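Here is how the chains run, residue by residue.
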Amino acid sequence: MPLAKTAADQRAIPISLLRPAAWAQFARTAPARLRNTAATVQFSAKAGQCLCLWDSQGRLERVVYGLGETGAMSVRGLPGRLPAGEYRIVEAPADFDDGQGALAWALGTYRFDRYKRESGEPPPRLAAGDGDDAAWTAVAKACAMARDMVNAPANDMGPSDIETIAAGLAKAHGAALSVTRGAALIEGYPAVHAVGRAATSKRAPRMIEMSWGKTNHPLIAVVGKGVVFDTGGLDLKPSAGMRWMKKDMGGAAHALALAQMIMASALPVRLCVLAPVVENAVAGDAMRPGDILASRKGLSIEVGNTDAEGRLVLADALTRAAELEPALTIDLATLTGAARVALGPDVVPFYTDDDGLAEDLAAASRAVEDPLWRMPMWAGYDPALDSDVADLKNDPDPWSQAGSVTAALFLKRFAPTGPWAHFDIFAWNARARPGWPQGAEAQAIRAVFAMLKARYR
Ligand code: BES
Ligand code: MN
Ligand code: ZN
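The paragraphs below set out a description of the structure included in this document. (Residues numbered from 1 in each chain as written. Chains lettered and ligands numbered in written order. Predicted model: local features only at pLDDT ≥ 70, side-chain atom pairs only at ≥ 80, totals over all residues. Heavy atoms only, no water.)

A few points about the side chain of Asp316
Line of reasoning, step 1. Along the chain, Asp316 falls in helix α11 (residues 310-323).
Line of reasoning, step 2. Within the structure, Asp316 has its side chain in polar contact with the backbone nitrogen of Arg296 (distance 2.7 Å).
Line of reasoning, step 3. Leaving out residues up to four positions away in the same chain, Asp316 has contacts with Tyr189, Pro190, Ala191, Val192, Met207, Ser295 and Arg296. (Helix = DSSP H or I, 4+ residues; strand = E, 2+ residues; numbered from the N terminus. Polar contact = N/O pair within 3.5 Å; in protein donor to acceptor, adjacent residues only side chain to side chain. Contact = heavy atoms within 4.5 Å.)

Laid out in structure tokens, this is it:
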């Protein structure tokens, strides 16, 4: 339980976090005013129920918030229900994790209002506890950065904007940044160039590589799909499908955010972040259906569909990762619509052939309430990627159906042979709920970070 450190903390409005079982006990000893208010709104400490008790001067006196049977992450729904002010948690279940609660509060106060003339009243503040603040603030900041990047419109989040953010992050944490573009990109990352070359010169494709850490620490490669806007290319998306494709750089944003968590908390690992950053645009020199692309690995790729561009840029990035012989490779990508058909918007499918890694990820996912679900890298569908004219193709045969699985299998042809996990993220809240506003969402990286901490700390 966070203790009140200062006089200001002591004046903060007290919050009780209760599960339904504890509510009965709590109500018995609570003042009649609170009991009666609870009765009128049928409060029973179900997840997300919020009870505000006002004094006779009209000041908020105390707050009771229901956790239901959920964990600390449901505190995300609380700040949005409260007026501006200072709050502190005075009561919570015995198994409640203060750091996780503070993180949930921070994630729940996130707003994207930088394009609005008026930004509304400041979010309510949670008085700091006496726990390890640095641990959760790094995660909160990184998630906010990822969400800001994904929410930003494509006209303000082009390749150079992502490069600037990566450079700022590298500078802040003493990492090295190298950016490959132009002739060197054609030479070193031909598939990345092919996907991004139709964009205007100011939005030219590039490979961003950030390296950090001590040479004697194990190398973690983090790869993120950075398609700043996905029109679909010549296989143009219909309007509804294109509407939110500003978020198609979500993988790169997540990769940078995960790197920020790792660097800010000085995890004893070495990092290599690889972000192929491109715009999948329509122009005279756009790649065409039927084109056969070269790749960094040397495999030729037939472009059956210009809208399956993410796997093309990731192919070259994963090849680069493999060359570094990392101890572990993580990739994050808004790769397929099929991932949503399989698991919906909130649960992130992940793929790995490493059972130990899968178990560690599942455990971390539960611990930090960042929903992941392992999917099969089903080798039986691999022939769906065979091409008549090239080494493979980017649009799997329709018989294979499972679009997220076959996308993972495509990546596998380029990924390091060592431990590797691929996350097919959505990076988006499709519907608004208190604490989960419609728009960008950070997915999977809290779980991945928790897994890394458990393994390497
Ligand atoms: N960026 C999209 C996938 C996507 C769509 C993610 C909607 C989140 C929401 C990706 O580039 C794409 O278009 N994938 C195609 C692949 C197909 C052409 C083989 C898809 O999923 O339809
Ligand atoms: Mn696409
Ligand atoms: Zn895409």
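Remarks on the site of ligand 1
Line of reasoning, step 1. Ligand 1 sits among 16 residues. The nearest are Lys237, Asp248, Asp307, Glu309 and Gly337.
Line of reasoning, step 2. In this structure, Asp307 approaches ligand 1 through a side-chain N or O atom, which is 2.8 Å from an oxygen atom.
Line of reasoning, step 3. Measuring from a nitrogen atom of ligand 1, one finds a backbone N or O atom of Leu335 at 3.5 Å.
Line of reasoning, step 4. Burial of ligand 1 by the protein chains amounts to 79% of its free accessible area of 520 Å².
Line of reasoning, step 5. Partitioned by chemical class, the residues of the shell around ligand 1 number four nonpolar, four polar and eight charged. (Near = heavy atom within 4 Å. Areas by Shrake-Rupley, 256 points an atom, 1.4 Å probe, with all protein chains shown as cover. Nonpolar A, V, L, I, M, F, W, Y, C, P; charged D, E, K, R; others polar.)

With respect to the coordination of the manganese ion (ligand 2)
Line of reasoning, step 1. Here the manganese ion (ligand 2) is held by Asp230 (OD), Asp307 (O), Asp307 (OD) and Glu309 (OE), and the distances to it run 2.1 to 2.2 Å.
Line of reasoning, step 2. Metal-centred angles of 72 to 168° between the six donor atoms at the manganese ion (ligand 2) mark the site as irregular.
Line of reasoning, step 3. Considered as a linear motif, the donors of the manganese ion (ligand 2) on their single chain read D-x76-D-x1-E.
Line of reasoning, step 4. Taken as a pair, the manganese ion (ligand 2) and the zinc ion (ligand 3) lie 3.1 Å from each other and share Asp230 as a ligand. With Asp230 in strand β9 (residues 226-230) and Asp307 in the loop between β12 (301-302) and α11, this residue pair connects regions lying 77 residues apart in the sequence. (Donors = N, O, S within 2.8 Å, 3.2 Å for Na, K, Ca; no water. Tetrahedral: all angles 85-135°; square planar, octahedral: opposite > 155°, others 65-115°.)

Some remarks on the pattern of salt bridges
Line of reasoning, step 1. Tallied over the full model, the rule gives 26 salt bridges.
Line of reasoning, step 2. With a closest N to O distance of 3.1 Å, Asp386 and Arg413 form a salt bridge. In this pair, Asp386 sits in the loop between β15 (372-374) and β16 (392-393) while Arg413 sits in the loop between α14 (403-412) and β17 (420-424), placing the two residues 27 residues apart along the sequence.
Line of reasoning, step 3. Connected through salt bridges with shared partners, the residues Glu209, Arg296, Arg320 and Glu323 form a single ionic network. (Salt bridge = Lys/Arg side-chain N within 4 Å of Asp/Glu carboxyl O.)

Points about the nonpolar core
Line of reasoning, step 1. In terms of nonpolar packing, the biggest core is built from 89 residues, with Leu17, Leu258, Phe423 and Leu452 touching the most fellow members.
Line of reasoning, step 2. Looking at which element gives the most residues to this core, the answer is helix α10 (residues 250-264), with 10 residues.
Line of reasoning, step 3. In this view, Leu258 contacts Val222, Ile330, Ile445, Val448, Phe449 and Leu452; residues no more than four positions away in its chain are not counted.
Line of reasoning, step 4. Core analysis: the next-biggest nonpolar cluster, separate from the first, contains 40 residues, Val192, Leu293, Ala317 and Ala333 among them. (Core = buried A, V, L, I, M, F, W, Y, C linked by side-chain atoms within 4.5 Å. Buried < 20%, exposed > 50% of the residue type's maximum accessible area, 1.4 Å probe, protein only.)

Observations concerning the coordination of the zinc ion (ligand 3)
Line of reasoning, step 1. Each protein donor to the zinc ion (ligand 3) is listed here as Lys225 (NZ), Asp230 (OD), Asp248 (OD) and Glu309 (OE); together their distances run 2.0 to 2.4 Å.
Line of reasoning, step 2. Bound by six donor atoms, the zinc ion (ligand 3) shows angles of 78 to 175° at the metal and therefore octahedral coordination geometry.
Line of reasoning, step 3. On the primary sequence, the residues serving as donors to the zinc ion (ligand 3) are separated as K-x4-D-x17-D-x60-E.
Line of reasoning, step 4. The exposure class assigned to Asp248 is buried, which follows from its relative accessible area of 2%.

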